[in-house]
Amino acid sequence: MKKSAIHIESISKRYAEVQALDQISLDVEEGELFGLIGPDGAGKTTLIKILVTLFSAEDGKASILGMDTNDSKASIRKIIGYMPGRFSLYPDLSVEENLSFFARAFDTTMEENYSLIQSIYDQLKPFKDRKSGALSGGMKQKLALCCALIHRPKVLILDEPTTGVDAVSRKEFWQMLHEIKSQGITILVSTPYMDEANLCDRIAFLQGGKILSIDTPSKITGQFPWQLFAIKSQKKYALTEWLRAWEKVSYCYAFGEYLHIAFSENAIQMNEIKEYLSAGSFSDAEIVNIPPTIEDTFIYLMENGNSR
Ligand SMILES: Nc1ncnc2c1ncn2[C@@H]1O[C@H](COP(=O)(O)OP(=O)(O)OP(=O)(O)O)[C@@H](O)[C@H]1O
């Protein structure tokens, strides 16, 4: 078995009335790209702040490369790279000044670890004299990533790095994460975007401060227990109501222009579905059998209270 780079054991954290984290346990293996996936308010930022030693947990313990997050704060900060959710750079400093500042703060130089950031920094070079506050969203993320990597951390922890970033920049960002992983750096990344789960080696689904499931994306989707169908009709809203009224339907959610539906009886025949659609005057509806997506599985696990 591979060694744990991040070990989290029964961590809980409460803010007044809110139980932000409730007995969270997980391990991220060395060299892994691990995703913490969950909607807003799931507890991702709270867990990350405990790992990067900004918060303490009330119960439980966590360690990074064997160092306890309560007892070894200074040592942990030297070996992690942290990219917080909010833009964390100095907006009045240029791209280059920000990077040199972070390098100096970690007692290194831009040159020393340049090979690690080169492919990312090459894209920023044309703007190296621009104040970082005046960069586009995607460029700001790239600079923040370079700053988090400049001291060649062993573990990189990123809190929702792609939130609010356009689709092309998101895709590029994930390519960069895969390049960084290939250099042997362990990565923990949080995201509310379910589609990004497929880009991780393993993921943990977080909801309401609890873990719903931890596994590889393909094993996670394997937990969806029913045959799934995608249905499209011009009358999408009326169709949703009609299908939700059918007692055999155990799952019915909108995904773009499609409805994803599943039945409590797995042996349901296509003919029976078509007959029900005709009875509701939805003969125009197109219906196909599809594999479950990560989002389908998340909704299923959330509704069925399958927390670990
Ligand atoms: N300082 C705080 N005081 C009170 N409640 C808080 C505080 N910070 C977070 N919370 C609450 O704790 C829960 C978990 O928040 P957290 O920020 O960790 O979630 P998240 O998954 O990172 O979501 P988001 O992307 O919205 O930050 C939420 O219900 C949030 O409202």
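For the protein chain, the name recorded in an unreviewed UniProt entry is ABC transporter ATP-binding protein, with Aquirufa antheringensis as its organism.

## Some details on the site of the ligand
Not every one of the 13 residues close to the ligand is listed here, only the nearest: Tyr 15, Asp 40, Lys 44, Thr 45 and Thr 46. Going through the elements one at a time, β2 (18–29) and α1 (44–51) are the ones with two or more residues in the shell around the ligand. Residues belonging to the shell around the ligand are distributed by class as follows: 5 nonpolar, 5 polar and 3 charged.

## What about the pairing of strand β4 (residues 59–64)?
Bridge count for strand β1 (residues 4–15) against β4 is 5 bridges, and the pairing is antiparallel. From the neighbouring strand, Ser 12 faces β4, where its bridge partner is Asp 59. In this structure, β4 lies alongside strand β5 (residues 67–68), joined through 2 bridges in antiparallel fashion. Bridge assignment links Ile 64 to a residue of β5, and that residue is Met 67.

## Considerations on the nonpolar core
Among the nonpolar cores identified, the biggest contains 85 residues, and Cys 146 and Ile 157 are the most heavily contacted of them. Here this core takes 7 residues from helix α5 (residues 137–149), the largest share from any one element. Each of domain 1 (4–216) and domain 2 (228–291) gives at least three residues to this core. Non-local contacts of Ile 157, meaning those with residues more than four positions away in its chain, are made with Ile 48, Leu 51, Val 52, Ile 80, Tyr 82 and Leu 188.

## Section: the confidence of the model for the protein chain
Note: predicted coordinates in regions of low pLDDT should not be interpreted at a detailed level. Residues with a pLDDT of 70 or more make up 98% of the protein chain, whose mean pLDDT is 92. Within the protein chain, no element has a lower average pLDDT than helix α4 (residues 114–124), which sits at 90, and none a higher one than strand β3 (residues 33–37), at 98. The ipTM assigned to the predicted complex is 0.96, against a pTM of 0.92.

## Things to note about the packing of helix α3 (residues 95–105) against α5
Following both chains from N to C, one finds α3 and α5 inclined at 25°, their axes separated by 8 Å at the closest point. Considering the angle they form, α3 stands roughly parallel to α5. You can see that α3 and α5 cross each other, and the crossing is right-handed. Across the interface between the two elements, Val 95, Asn 98, Leu 99 and Phe 102 of α3 pack against Leu 143, Cys 146 and Cys 147 of α5.

## Points about the UniProt feature "domain: ABC transporter" (unreviewed entry) in the protein chain
Mapped onto the present numbering, the UniProt feature "domain: ABC transporter" (unreviewed entry) falls on residues 6–233. As a span, residues 6–233 carries 31% helix and 29% strand, and end to end its C-alpha atoms are 47 Å apart.

## What to know about unusual backbone geometry
The backbone of Ala 16 shows a phi angle near 45°, a positive value even though the residue is not glycine. Of note, Ala 16 is situated in the loop between β1 and β2. Located in the positive-phi region is Arg 152, a residue other than glycine, with phi close to 50°. Residue placement: Arg 152 occurs in the loop between α5 and β7 (155–159). The partly exposed category is assigned to Arg 152, around which 16 C-beta atoms lie within 10 Å.

## Re the sheet that holds strand β8 (residues 186–191)
Taken in spatial order, the 6 strands make up an open sheet running β6-β7-β8-β3-β9-β10, and their pairing is mixed. Every interior strand has two partners, whereas the edge strands, β6 (80–83) and β10 (210–215), have only one. Across the sheet, the mean angle from the axis of one strand to that of its neighbour is 15°, orientation sign disregarded. As defined by bridge partners, strand β9 (residues 202–207) adjoins β10 across 5 bridges and the pair is classed as antiparallel. Bridged to Leu 206 within β10 is Ile 211. Docked against the sheet, α5 engages β6 and β7, running at close to 160° with respect to β6.

About the cut-offs
Residues numbered from 1 in each chain as written. Predicted model: local features only at pLDDT ≥ 70, side-chain atom pairs only at ≥ 80, totals over all residues. Near = placed C-beta within 6 Å. Helix = DSSP H or I, 4+ residues; strand = E, 2+ residues; numbered from the N terminus. Nonpolar A, V, L, I, M, F, W, Y, C, P; charged D, E, K, R; others polar. Pairing = 2+ DSSP bridges. Core = buried A, V, L, I, M, F, W, Y, C linked by C-beta atoms within 7 Å. Buried ≥ 20, exposed ≤ 12 C-beta atoms within 10 Å, placed from the backbone. Domains from an automatic or database assignment. Contact = placed C-beta atoms within 7 Å. pLDDT = per-residue confidence, 0-100. Axes fitted to C-alpha atoms, helices over the stretch in contact; angles between N-to-C directions. Parallel < 35°, antiparallel > 145°, perpendicular 65-115°, else oblique. Left-handed = near helix turned anticlockwise from the far one by under 90°. UniProt positions renumbered as here; feature names shortened; annotations may be inferred.

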